[in-house]
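# Structural description and commentary
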Amino acid sequence: MRGSDKGPEPAELRGWKAAQRAAGVEPVYDDFRHPEKGATMSALFAEQTGQCVYCGRGISLAPRHCHIEHFRPRSGYPRLQLDHANLFLSCGPEGERGPRQTCGNRKDDWFDEDCHIPPAPDSCAERFRFRSSGAIVGDGTPEADRMMEVLNLNHPELSAERRDLIDDLERELAHGTSPARLRYGYLEENPDGARPGFANVALGYLRGQANAAGPPG
């Protein structure tokens, strides 16, 4: 999992909810429309630096390239359907061969209050790591295992994309590129505020390499 920092609630979302209530209407997600919805998606995109909250795949705001994800689903948590703290962007809903079988698409309406890991970047970085094969592995807890299963984070497509990225990192390291320079490249944002896709994978892998090397002798 990648996770996401959360900033303040977008003014457009807050204003739309206030206008609905002022008109005597309880705001619900199904009534949420553009331009307010688009502005909210832009705010979520900025928070996530242009990456899926779950797998870290690069996303864009083009139609059907990503969707607003309710971490706690609307079906079980209707009071949170417009709570900014519960809103994220997930890749999908469609890939090249139909609906994606990972992340928010795969999760659907699942949620287990007693067995989950919240999408906070620090906790995700601590509880998941990446192997050179492209596989994601958890910390051995039921919560990590369940999130990987529910989000299908070891889907062959994701594993192959992560493996290619790690292969590139290993080639750069073998050719003498410093880990610090590689980290900087994945922390840098483009003019749209996006980092490279799978930046979380690169940073996690480089962190693991540094930990394995230990302190200088």
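Here goes a summary of the coordinates provided.

Scanning the protein from N- to C-terminus turns up 8 helices and 6 strands. Secondary structure elements of the protein, listed N to C terminal, follow the sequence α-α-β-β-β-β-α-α-β-β-α-α-α-α. At 18 Å, the protein has a C-alpha radius of gyration in line with the 17 Å of a compact globule built from 217 residues. Across its three principal directions, the C-alpha atoms of the protein cover 70 × 40 × 40 Å. Split into buried and exposed, the 217 residues of the protein put 43% on the buried side. For the protein, the accessible area works out to roughly 11200 Å², and carbon and sulfur atoms hold 49% of it.

This part covers the packing of aromatic side chains. Counted under the stated rule, the structure contains 5 aromatic pairs. Taking the centre distance of 6.3 Å and the plane angle of 50 degrees together, the rings of Y29 and F32 count as tilted. For the pair formed by Y29 and F32, the shared burial category is buried. Measuring from ring centre to ring centre gives 6.0 Å for W110 and F111, while their planes differ by 55 degrees; the resulting arrangement is tilted. Here W110 falls in the buried class, since its relative accessible area comes to 16%. Aromatic rings pair up to connect F71, Y77, W110 and F111 into one cluster.

One can find T40 in helix α2 (residues 36–47). Other than its neighbours up to four places away in sequence, T40 contacts P10, L13 and F32.

For the coordinates displayed, the defined rule picks out 13 salt bridges. Across the pair E157 and R57 runs a salt bridge, and its minimum N-O distance is 3.0 Å. Of this pair, E157 sits in helix α6 (residues 156–174) while R57 sits in the loop between α2 and β1 (66–70), placing them 100 residues apart in sequence. The partly exposed category is assigned to E157, whose relative accessible area is 26%.

What follows deals with the layout of surface pockets. There is about 410 Å³ of room inside the largest pocket. Lining of the largest pocket is provided by 23 residues; of these, R2, P121, R195, N200 and L203 occupy positions nearest its centre. Of all the secondary structure elements, the ones that give two or more residues to the lining of the largest pocket are α2, α4 (121–127), β5 (128–130) and α8 (199–213). Residues of the lining of the largest pocket, tallied by class, amount to 10 nonpolar, 6 polar and 7 charged.

Taking 1.5 Å of rise per residue, 19 residues should cover 27 Å, and α6 covers 26 Å from first to last C-alpha, within 8% of that figure. Once α6 finishes, G176 follows within two positions and takes phi at roughly 95 degrees, a positive value.

This paragraph deals with unusual backbone geometry. The peptide bond linking H34 to P35 adopts the cis configuration, its omega dihedral lying at 10 degrees. If you trace the backbone, P35 turns up in the loop between α1 (11–22) and α2.

Put simply, α6 and helix α7 (residues 179–187) touch, their axes get as near as 10 Å, and they point 145 degrees apart. Classified by chirality, the crossing of α7 by α6 is right-handed. Between α6 and α7, the contacting residues are L165, L169, E172 and L173 on the first element and P179, L182 and Y186 on the second. Considering only residue class, the contact of α6 with α7 consists of 6 nonpolar, no polar and 1 charged.

Another aspect to go through is the state of the cysteines. Enumeration according to the criterion identifies 0 disulfides in this entry. C124 provides the cysteine sulfur closest to C115, a residue in no disulfide bond, and the two sulfurs are 14 Å apart. A relative accessible area of 15% means that C115 is categorised as buried.

The subject of this paragraph is helix α5 (residues 142–151). Along α5, the positions that sit buried rather than exposed are A144, M147, M148, V150 and L151. In this structure, the buried side of α5 is in contact with α3 (103–107), α4, β5 and β6 (136–138).

Conventions adopted
Residues numbered from 1 in each chain as written. Predicted model: local features only at pLDDT ≥ 70, side-chain atom pairs only at ≥ 80, totals over all residues. Heavy atoms only, no water. Helix = DSSP H or I, 4+ residues; strand = E, 2+ residues; numbered from the N terminus. Rg over C-alpha atoms; globule rule 2.2 N^0.38 Å. Buried < 20%, exposed > 50% of the residue type's maximum accessible area, 1.4 Å probe, protein only. Areas by Shrake-Rupley, 256 points an atom, 1.4 Å probe, with all protein chains shown as cover. Phe/Tyr/Trp six-rings, centres within 6.5 Å; stacked < 30°, edge-to-face > 60°. Contact = heavy atoms within 4.5 Å. Salt bridge = Lys/Arg side-chain N within 4 Å of Asp/Glu carboxyl O. 1 Å grid on protein atoms, 1.4 Å probe; cavity = no way out; pocket = protein on both sides within 12 Å on 5 of 7 lines; lining within 4 Å. Points joined across faces, edges and corners; volume = space filled by probe spheres on them. Nonpolar A, V, L, I, M, F, W, Y, C, P; charged D, E, K, R; others polar. Expected span 1.5 Å × (residues − 1). Axes fitted to C-alpha atoms, helices over the stretch in contact; angles between N-to-C directions. Left-handed = near helix turned anticlockwise from the far one by under 90°. Disulfide = S-S within 2.5 Å.

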